[in-house]
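Observations on chain architecture
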Amino acid sequence: MELTQKHHEYWRKNLVITAILLVIWFVATFVEGWYARDLNNITFLGFPLGFYMSAQGSLIIYVIIIGVYARYMNKLDKEYDVHEGEDD
Amino acid sequence: MAIATGNSTFNAELKKYYSIYTGGFIAFVIALAIAEQAGMSRAWIGYWFLFATIALYATIGIMTRTVDAAEYYVAGRRVPAFFNGMATGADWMSAASFIGMAGTLYLSGYDGLSFVMGWTGGYVLVALFLAPYLRKFGQFTIPDFLGARYGGNIVRSIGVFAAILCSFTYVVAQIYGVGLITSRFTGLEFGIGVFVGLAGILVCSFLGGMRAVTWTQVAQYIILIIAYLTPVVWLGVKHTGFPVPQVAYGPVLQKIGELEKKFTADPTEQQVRGLAKAAASEAAAALKDPVKAAGDRRAALEQRLAKAKAENAPDYVQKSIQAALTNTPTDPAKAREYWSARTNLGANASPPRKHAEPFPGPTDQARNTARLNFLGIVFCMMFGTAALPHILMRYYTTPSVRQARTSVFWSLFFIFLLYFTAPCLAVLAKFDVYSNLVGSKFAELPAWAAAWRLVDPSLLTITDLNFDGIVQLAEIAIGGDIIVLATPEIAGLPYVVSGLVAAGGLAAALSTADGLLLTIANALSHDLYYKMLDPGASTARRVTVSKVLLLVVAVIAAWVTSYKPGNILFLVGAAFSLAASAFFPALVLGIFWKRANKWGAIIGMLAGLGICMYYMAVTYPFFRDFLGVTAPIASYMWFGMNAISAGVFGVPVGLLTIFIVSLLTPAPDKAVQELVEHVRYPNLAGDIDTRAT
């Protein structure tokens, strides 16, 4: 089977969104963790920010990342006509 | 479309059944609460929770029995995203998460958060790199994918070996948890508790494979999350006046900070810290002859009591000494337990750890090593999450790629509910200990503390070191597991909630053990037996072989567990590091890089796994003793990284090796290229079909 131009574009868009979300994940995890001591000097909702991010904030970001990816890709499937029909 | 209506009716029916089920469970808890008021004994409440929930899982297990291969291996691929999310949540959250997590956070403050971050953030990798593609591929196991993508039985065999290695390590930790909970809440002996728990595990998975496991896991998730959140919300209202303590415990954390400062500077506390150190070394010496040492201590306490009486010391001081005397056992087994719990007082020799401070240490170098280890654990837990076969397998069960993506979202959402509560629970419990327990008189301890110190001294030891009759912080030695177990009592809830928590812990351990045992049995029956030894076997035969193997593996795992092998947290961590090193590079490059080939995968997986196992072998005390490694640990350590994070080296070595070896050997053929294109698009006109039946 030959892939069309459109298929390649779909895959490229997939890679772009994957890369963007991965960068956000990396910052929320490793950059945040690396600078946790410094972030603790900032107060947020009564919490030291570094503690809050590792205990709560980063977790919320992870949930959002996955939600955004699922929504975006499920829409992209339809736009590029590679979806599997209505199933829900 | 026929399938569409079929799916949505199915979904609606599931929602109806599980709503009725949830309502029924809440009614059951309320009925027991009323029975408790009417005078039902604690032991009976414990039995009711244990046997009613196991009977419930057994009923679901029997109702969903099957001999059909697709039903047995992947629940017929009909599990809607929302329910697959719940099942994954239960599959994921083990006894270690449910019971141990809040305790770890209580004891290690910020540094314990590496597990909270790692065990949630890993789902980002699952969502972005694996779940939708594996669903499109649509077979039964993870070695299936490796076998198809890289060709030949060598890669599949390595996959089978690695899947069994990490799942077995993990399942031993789960069965250990099951034994612990069963024995604590029913009074059965640990060894018997293990086998009772094992029966509970088998009724879920034996008859119906993945199908039965899925629907019991949904039921188990509902119980475990109700059990976890109820006492925390209550405790939260008590300390923050707000029913969502997860966002409101900041001020409580600040108060803890102030109390920590106060305790650090307090002269009495300083004096008691010195006494704690002495008491710990006394206890270590006493372990050589616990009974004689207990006799000596009783004699010393009697003198002390006589002196207090002569000096006309206040009543509560005399009572405190009297209580210490009563609590010093002379029975050999009890005395051993008593002294070994007292060695934990050694941790109180230094001032309390600052709860919110990341990576504490005496020098800059120590702080930097602590930070590296923190990030190392986060890394391994994340990449391990995205590589553990029992989790990845769950994404084979959704009806479509689209639902697989949505399903990862629901999975993390349901897991998040527990993990984002654990740090809050740790802080609330700590505040209660710092503000209510510390400063109370030994003669009038809070009810929960008075009860638990008698249940198990390794969970809670409080001892009047300076004989002033008042509890100082340095006089309390706490075992992490007590935090979750005692929260209902700390919050002042009736005993029925404690039973509920035990049922939740049991649900968490059982559900994870189910998923893991099934993974091991499938790797053996599907990958080894059907794909490699007897490709002509009939469906019924394959399912039967799998059931027999499940039984055998379960018994072996229980047998290993009854030897109580070491530290649960290390076992779990090791499973993650091993899985990450073996699977992650080969799976992800297999999807995202067409050029990755068979030899790259073979050598890459072996290299990743090899380096990970080597590092653990030379830096973890248990393996070092076993292998007779004598040179100092430090001489083997790289960057001061602990053994649990060995995956930090395994994953990059694996990725790099696959990359280099693939480029040095011929590109994979056209069929493989087509397979890769196939998994990348949810639907292609004129596509190949890789689904297994």
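Residues numbered from 1 in each chain as written. Chains lettered and ligands numbered in written order. Predicted model: local features only at pLDDT ≥ 70, side-chain atom pairs only at ≥ 80, totals over all residues.

1. Brief notes about the overall build of chain B
Each helix and strand in chain B was counted, giving 29 helices and two strands. Counting only C-alpha atoms and orienting by the principal axes, one finds that chain B spans roughly 95 × 60 × 45 Å. Taking all 693 residues of chain B together, 56% fall into the buried category. Restricting the contact set of chain B to residue pairs at least 6 apart, pairs at least 24 apart contribute 83%. (Helix = DSSP H or I, 4+ residues; strand = E, 2+ residues; numbered from the N terminus. Buried ≥ 20, exposed ≤ 12 C-beta atoms within 10 Å, placed from the backbone. Contact = placed C-beta atoms within 7 Å.)

2. A closer look at the overall build of chain A
The number of helices and strands found in chain A is three helices and two strands. Ordered by position from N to C terminus, the α and β elements of chain A give α-α-β-β-α. Against the compact-globule benchmark of 12 Å for 88 residues, chain A has a radius of gyration of 18 Å, which places it well outside the compact range. Taken along the three principal axes of its C-alpha coordinates, chain A extends 55 × 25 × 15 Å. Within chain A, the fraction of its 88 residues that count as buried is 34%. Long-range pairs, those at least 24 residues apart, make up 49% of the contacts in chain A with a sequence separation of at least 6. (Rg over C-alpha atoms; globule rule 2.2 N^0.38 Å.)

3. Remarks on the interface of chain A and chain B
The partner chain B presents 51 residues to the 43 residues of chain A that form the contact. Considering every element that reaches the side of chain A that touches chain B, the biggest residue donor is helix α3 (residues 49–79) of chain A, with 17 residues. Considered class by class, the residues forming the side of chain A that touches chain B number 23 nonpolar, 14 polar and six charged. (Nonpolar A, V, L, I, M, F, W, Y, C, P; charged D, E, K, R; others polar.)

4. Some thoughts on the nonpolar core
Grouped together as the largest cluster of nonpolar side chains are 256 residues, with contacts concentrated most on I66(A), I175(B), L224(B), F383(B), L517(B) and A579(B). Per element, the largest residue contribution to this core is 20 residues, and it comes from helix α23 (residues 495–533) of chain B. Apart from residues no more than four positions distant in its own chain, L517(B) is found in contact with V171(B), I201(B), S205(B), L550(B), V553(B) and A554(B). (Core = buried A, V, L, I, M, F, W, Y, C linked by C-beta atoms within 7 Å.)

5. Section: the packing of helix α14 (residues 290–310) of chain B against helix α16 (residues 332–342) of chain B
Residue and element names in this part refer to chain B. Interhelical geometry of α14 versus α16 gives an angle of 75° and a closest axis separation of 8 Å. Our classification of the angle between α14 and α16 gives roughly perpendicular. Mapping the contact onto sequence places P290, V291, A293 and A294 in α14 and P332, A335, R336, Y338 and W339 in α16. (Axes fitted to C-alpha atoms, helices over the stretch in contact; angles between N-to-C directions. Parallel < 35°, antiparallel > 145°, perpendicular 65-115°, else oblique.)

6. Quick word on helix α13 (residues 267–286) of chain B
Between its first and last C-alpha atoms α13(B) spans 29 Å; for 20 residues at 1.5 Å apiece the expected length is 28 Å, and the two agree. Regarding α13(B), the residues found buried are E269(B), V272(B), R273(B), L275(B), A276(B), A279(B), A283(B) and A286(B). (Expected span 1.5 Å × (residues − 1).)

7. Brief notes about the packing of helix α26 (residues 598–619) of chain B against helix α28 (residues 647–664) of chain B
Residue and element names in this part refer to chain B. One way to put it is that α26 packs onto α28 with a least axis distance of 7 Å and a crossing angle of 160°. Judged by the angle between their axes, α26 and α28 are roughly antiparallel. Here α26 runs over α28; the crossing is right-handed. Contact with α26, carried on its side by W599, G600, A601, I603, G604, M605, A607, G608, L609, I611, C612 and Y615, involves G647, F649, G650, V651, V653, G654, T657, I658, V661 and S662 of α28 and no other residues of that element. Grouping the amino acids of the contact of α26 with α28 by side-chain chemistry returns 14 nonpolar, eight polar and no charged. (Left-handed = near helix turned anticlockwise from the far one by under 90°.)

8. Section: the environment of Q246(B)
With respect to the element layout, Q246(B) can be found in helix α11 (residues 245–248). Taking the C-alpha atoms as reference points, Q246(B) and Q472(B), separated by 226 residues in sequence, lie 29 Å from one another. If sequence neighbours within four positions are ignored, Q246(B) has contacts with Q56(A), F420(B), T421(B) and C424(B).

9. Quick word on the confidence of the model for chain B
All names here are of chain B. With 98% of its residues at a pLDDT of 70 or more, chain B shows a mean pLDDT of 87. Low pLDDT (under 50) marks residues 1–5, which in the prediction has five contacts with non-local residues, meaning those over four places away or in another chain. Scoring of the predicted complex yields 0.90 for pTM and 0.95 for ipTM. (pLDDT = per-residue confidence, 0-100.)

10. A closer look at the confidence of the model for chain A
In this model, chain A carries an average pLDDT of 90, and 95% of its residues clear a pLDDT of 70 or more. Within chain A, the element-level pLDDT minimum falls on strand β1 (residues 43–44) of chain A, averaging 86, and the maximum on helix α1 (residues 5–34) of chain A, averaging 94.

11. With respect to α28(B)
A turn of α-helix holds 3.6 residues, and therefore any two residues three or four places apart point the same way. Residue and element names in this part refer to chain B. Under the 1.5 Å per step criterion, the end-to-end length of α28 is 25 Å for 18 residues, consistent within 8% with the ideal 26 Å. Of the positions making up α28, those classed as buried are G647, V648, F649, G650, V651, G654, T657, I658 and S662. Buried-residue contacts for α28 involve α17 (364–385), α25 (568–592) and α26.

12. Let's talk about the environment of F98(B)
All names here are of chain B. Looking at the secondary structure, you find F98 in helix α5 (residues 95–108). Owing to 26 C-beta atoms within 10 Å, F98 belongs among the buried residues under this scheme. C-alpha of F98 to C-alpha of L418: the two residues are 320 residues apart in sequence and 8.1 Å apart in space. Excluding anything up to four places from it in sequence, F98 contacts M93, L224, Y228, V484, G504, G505 and A508.

13. Let's talk about unusual backbone geometry
Residues and elements named next belong to chain A. In this structure, L45 takes a positive phi of about 55° despite not being glycine. Looking at the secondary structure, you find L45 in the loop between β1 and β2 (47–48). Given 13 C-beta atoms within a 10 Å radius, L45 is considered partly exposed. Of note in the backbone geometry, D81 takes a positive phi value of approximately 55° without being a glycine. As for its placement among the helices and strands, D81 is situated in the segment after α3. Using a count of 12 C-beta atoms within 10 Å as the deciding quantity, one classes D81 as exposed.

14. What about the environment of L500(B)?
Residues and elements named next belong to chain B. With respect to the helices and strands, the residue L500 is situated in helix α23. Since 27 C-beta atoms lie within 10 Å of it, L500 is described here as buried. Separated by 272 residues in the primary sequence, L500 and Y228 have C-alpha atoms spaced 8.8 Å apart. Sequence-distant contacts of L500, that is, excluding residues within four places in its chain, are made with V29, F49, A227 and T230.

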